[in-house]
Amino acid sequence: MADEQSRYSRLAQITKLINTKLDLREVLRHVVTAISEEIVQCDSVGIYLPQEDGTYRGYVGKPETINGMTLDMHVVDPEQDRLAKEVIETGETVYIPDTSKDDRPDRRAIEAFKISSLLVAPLKYENHLYGLAFLFDYGIPMNLNESEVESIQAYINMAAVAIRNANNLSRKEILISEKQLLLNVTRELSLSSSIREALDICFQNVGEVLGNHNIAAHFLDPLAEKQIKPSNLSANSVWTEEAWKKEHEQLKVNFRDDALFQDVLNKKESVLIPDVFEDPRPDSDVCRHFNIKGLYMLPLISMGDVLGTIAVADFDGSHSNYSKSAMQLAESIVDATAPVLSNLIYMERQELIIQERTFEVRKKKEELEEAFTDLKQVSKEKELILDSAGEGIFGMDLDGNITFSNLSAKRILGYQITEDVRGNSLYEVFNVTQEDEESSHPFIQDGMQFHKRLERTFAKKDGTTFPAEYMITPQQIDQQIVGYVITFKDITARKQMEEKIKYHAYYDSVTNIPNRTLFQDRLNQALAYAETQERSLAVLFLDLDRFKQINDTFGHSFGDSVLKLVADRLGAVLPKEATVSRQSGDEFVILLPSVEHLEEAIAYTEEIIKIFIAPFHIHNQEITIKSSIGISMYPDHGLNGEQLVKHADAAMYRAKERTGNQYQVYSDDIDTDSLMKIKLENELFKALEREEGFVLHYQPKVDMRTQEVMGMEALVRWEHPSYGLLPPREFIPLAEETGAITKLGRWVLKEACRKRKEWYDLGFKAMVMSVNLSPQQLSQRNLVETVSGILEETGLQPELLELELTENLIIHNTKQTVATIADLKQLGVQISIDDFGTGYSSLAYLKDLPVDTLKIDKSFIDDITNNSAITDTIISLAKNLHLHAIAEGVETKEQAQCLHEKGCHLIQGYYFSPPIPADAFLDIISTIISER
C-alpha cells in the first residue's frame, strides 16, 4: 500500500513538473523512471516520438543503450510493426503477455532482444497522438495486471500532456522568433546602401534559416533581351564568387534555355527540386559540372516585376528536404529583399546617369566660360539628357528659385508637361511653412550633407504631399557655390511596404486587431502611466466556450470568420482607449486603461457579455456563442503585465466552471483553489487505490400507475476525511480529467450490483438497478468483459442491471457505441439513454441502437406545465419505438400529474425522494409511497 501511495505521489509530482518550464526530456525521464521503478519491474521502458517520414524514433528511456545502440538509434516503422500500427490507429494500449503467441509485433525486434512480454501504449491527449511508449523484458515476462496497465497509462498520459505543452511552447517561440527575424532583416535591409550589402543580409539569413549557405543571385538584364546573368554568391558558399562566375563564362550557360529558371520567372513561384537528375527542368550538364545534387529556387519580385532569382544549391545531398516553415520564412526574407534591391538597382543607375551628366555639364561650363550668360538657357541637348532621367531633377539658385526641371520632376509633382516652372520657389515643393521661411534657406544650411540620400515630405502642385527621397548637389564655379541640383523620387510604394511589414508584426492576421506583441507594449505603457499617476487599470481575459467544436464541425475558415465577428463586436462596444487583442486560438485579452474602480470594469464586462446574446450569422449558418471572462485590476491583483494577464486568465477558468456567459473577478482564493484541486486529485487517487471513502446513495424510480418502486439509480458520494460528504459535482469532473473515472466507475458498478443482489436475497425481486457509464468507460475495449465479470462475481441476474449512457456520448461515437451496446445486450442487461433530447442531433441513430429506455432530461420537465412540446414528442417517440420513457428531475406534484396524463408513467426525482443511503432506502421508500 505504501508503494501505491508513493506511485500516486510521483504522478502528482510529474503533474506539477509539466506545469513548470522544466526541459521536456527531463520531465519524460521522470515518467520513464516512475514506470520502471514504481509500477512494474521491466527490462526496458522507452518513449518514441514521431518523425516526418512516419516512423517513431527513441527519445527517452531506460536503459539508454541496448545491444550497443543508443536509444535515438532505435526506429519503429509502423509499416513493419503491425502492433505499433494498431496502437496508432486505435489509440488503445496493447499488452501481450506472451509474444510467442502473437504475430503482430515486429519479429526482428522480438528475436533480437529476446522479448517475452511486451506493452505498447499511445502517448495521447485530447485524441491527438504525440508518440508511443514501449515496455518489454529480456526473457522474464512482466506479468502485468489490469491495475498496473491502468497506472502505466496514467503516467503515459502525463507524458503526452508534457509533449503537448512543449510543442505549444515551441511553436509560440518559433513564431515570435520568426517575426522578430523578419523585423530585424527588414530593418537591416532598410539601412543597406548597396546591392552587395542587401544581398549579403539576404544570403546570411536565408542560409541560417535553411541550414545551407550555398546561395547565389541571378539578375535579369533588361538591356540584354532580359538575359539572366550570375550576379552575386554568398561569402559562405563552398565556391568563391570569382571561380563561380568564371565557370559560368567557360560553360557559356544560357539561362534562357534553362526550363527551371524560366519556370520560376514565368510563374513567379518558388520551386524545390530534391534531386536535379530526376527532374527534367534543370540543366543536368551544368548541375553535374558544379556537383549540384538538389536546388531550391526563389523568385525576386518587386511591384509585380521579376528582378531575378535566389538559388540555394545542395552539393552533398543533405539538404534535399527543408521543412515547410523554414521554406516559408526563407521566402519571406527574399520577398522583403526584392523591393530593397529594386530601389538600389534603380538608385545606382540614376546615380550613374547624374554623375555622367554632371561631368558633361562641368565640361561645358569650362569650354563656354566666356559665354556664361548663354548658359541660362538650357540647350536642347541638356533638356534631352535631363528628360531621359527617371528621377525628378531641379536646378535651384541661391534664392531658392527653380532654374530648370526635367519632365520627371513635373510629372511627379503634378504639373503639365508644357508648364514652365522656372522662377517658382522650391519652398513650396519642400513643403516649408511660413514660419520656416523667416529663416534663411531652411533646407539649404551651412554644414548640411551634400551628395547623400535624404528623406522628407514633398508637396505637389495641388497641395497633396508624399514621401520623397532626394539628394542635393552644389554647383560651383571657381570654388564658389552658384546653385544646386536636386534629384528626387517618390518613395510612397516603399513606405507602404515598410508599413505593411510593420503592421503584420503587430496585428493579428485573422482579426486585424493587435496581437500579443502590441498588446504587451500597450499594457506596459499603460502600467507606467498608471504607476506615475497613481491610477488603476483593468485587464479582461475572454475565452469562447466550445470553440473547438465549431472548428471541428464547420472547419477552420468558418472559425476564423467567427473570430473576426467577435473582434468586430468587441471593438464596437468598448471605449476608444481600450485595446482588444487576440492572444491565440479563441482567447482575447482586453486592456481598459482608464477605469478607476472594479465596478466600472464589471460594467464593461457585462456590456461585452451582451454582445453574445444575439446569434452570429456566417455563410447562411446561424450559431450561438457564449464566453467566459476573467477580470484583474491594477494594482490590486498584480503590479506587472505578466501577473495581471495570468490572474485574469485564472479568473476566466473559474468563470468557465459555471454555465456560459459568466465573468469572474480574480481573488487570492482562485490560486488557493488550484492548489486544493491538486491536493484533492492526490487524495482521490489514494481513496480509489484503497477503495475506501466512497458510498452509494440510491434514488427510487416509481410507476405512477401502481405507485410501486420499479427500480433505483445508484449515485456515488465521497466521504472525505476533511471536507465531509462530497456530491458528485465536486470530484467527478476531476476523476474524468485525470482518467480516474474508469477505476471509480468500476467500483460503483460492482458495489451497486453487490447491493442489488443483497436486496434480491431479502425478497425484493423486480427492481432494476441503474448505473451511469462515463465516456471513458464506454471507450474501454474490455467493458463488456468487465460487466460480465462483475455480474458473475456478485451473482446478480443481468436483467436486473440497467446501464445509462448520455445522448451526447452516443451520437459522437456511433459506430463504436452500436457495437458495444449490442455486446452488452447480449449479456442480458438493459440500456437507457440519459439526458435524452439534449444531443441536438438527428434521431436516426435510434433505429440502430438496441436500447430499452429514453430518459427525459430535467431541463424539459422544469417547464412542462407551460411548454411541453418537446416532452410530448419524446413520449410519442418512445411509444412508436416500443421503448420505455422515464422522466427525471420531477420535483412537484403538478409535474408528476402532468406527465402521468401525457402517458409518461415512470417518474424519478425529489418529489418522491432525493438520493438516500442504502440502509435507509427501503424504509424511506415505503413511507414515500404511502404518503403519495
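Residues numbered from 1 in each chain as written. Predicted model: local features only at pLDDT ≥ 70, side-chain atom pairs only at ≥ 80, totals over all residues. Heavy atoms only, no water.

Peer 1: Can you walk me through the packing of aromatic side chains in this structure?
Peer 2: Here the distance between the centres and the angle between the planes together describe a pair of aromatic rings. Counted under the stated rule, the structure contains 14 aromatic pairs. Centroid distance Phe694 to Trp747: 6.0 Å. Interplanar angle 50°. Geometry classified as tilted. Here the residue Phe694 occupies a position in strand β26 (residues 694–703), and Trp747 occupies one in helix α23 (residues 741–761), the gap between them amounting to 53 residues. Overall, Phe694 belongs to the buried group, its relative accessible area being 7%. Arranged with centres 5.2 Å apart and planes meeting at 15°, the rings of Trp759 and Phe921 form a pair that is stacked. Of this pair, Trp759 sits in helix α23 while Phe921 sits in helix α31 (residues 918–931); the two residues are 162 residues apart in sequence, bridging distant segments of the chain. (Phe/Tyr/Trp six-rings, centres within 6.5 Å; stacked < 30°, edge-to-face > 60°. Helix = DSSP H or I, 4+ residues; strand = E, 2+ residues; numbered from the N terminus. Buried < 20%, exposed > 50% of the residue type's maximum accessible area, 1.4 Å probe, protein only.)

Peer 1: Please explain the side chain of Asn661 as it appears in this structure.
Peer 2: The topology assignment puts Asn661 in the loop between α20 (641–656) and β25 (662–665). By relative accessible area, Asn661 is classed as buried at 18%. The residues contacting Asn661, other than those within four sequence positions of it, are Asp545, Ile609, Phe612, Ile625, Lys626 and Ser627. (Contact = heavy atoms within 4.5 Å.)

Peer 1: What am I meant to see in the pairing of strand β8 (residues 128–136) here?
Peer 2: Where a strand is regular, its side chains alternate between the two sheet faces. Taking burial as the measure, the nine residues of β8 include seven buried ones, the bulk of the element. Where strand β7 (residues 118–125) meets β8, eight bridges bridge the pair, whose relative direction is antiparallel. Across the sheet, the residue bridging to Leu119 is Leu135, located in β8. Hairpin connection from β7 to β8: two residues lie between these consecutive antiparallel strands, with Glu126 at a positive phi of about 50°. (Pairing = 2+ DSSP bridges.)

Peer 1: What's the story with the sheet that holds β7 in this structure? I'm lost.
Peer 2: One key point about sheets: their strands pair by backbone hydrogen bonds, in either a parallel or an antiparallel sense. Here six strands make up an open sheet; going across it, the order is β5-β2-β1-β8-β7-β6 and the pairing antiparallel. Looking at the sheet topology across the chains shown, the edges are occupied by β5 (75–76) and β6 (94–96).

Peer 1: When you look at the packing of helix α16 (residues 516–533) against α20 in this model, what are you seeing that I'm missing?
Peer 2: Helix-helix packing: each pair is described by the crossing angle between the helix axes and the interaxial distance. Orientation of α16 relative to α20, taken along the N-to-C sense of each, is 115°, at an axis distance of 10 Å. When the interaxial angle is binned, α16 and α20 end up roughly perpendicular. Every residue of α20 that contacts α16 at Phe519, Gln520, Leu523 and Leu527 is listed here: Gly641, Leu644 and Val645. Among the residues making up the contact of α16 with α20, the classes are represented as five nonpolar, two polar and no charged. (Axes fitted to C-alpha atoms, helices over the stretch in contact; angles between N-to-C directions. Parallel < 35°, antiparallel > 145°, perpendicular 65-115°, else oblique. Nonpolar A, V, L, I, M, F, W, Y, C, P; charged D, E, K, R; others polar.)

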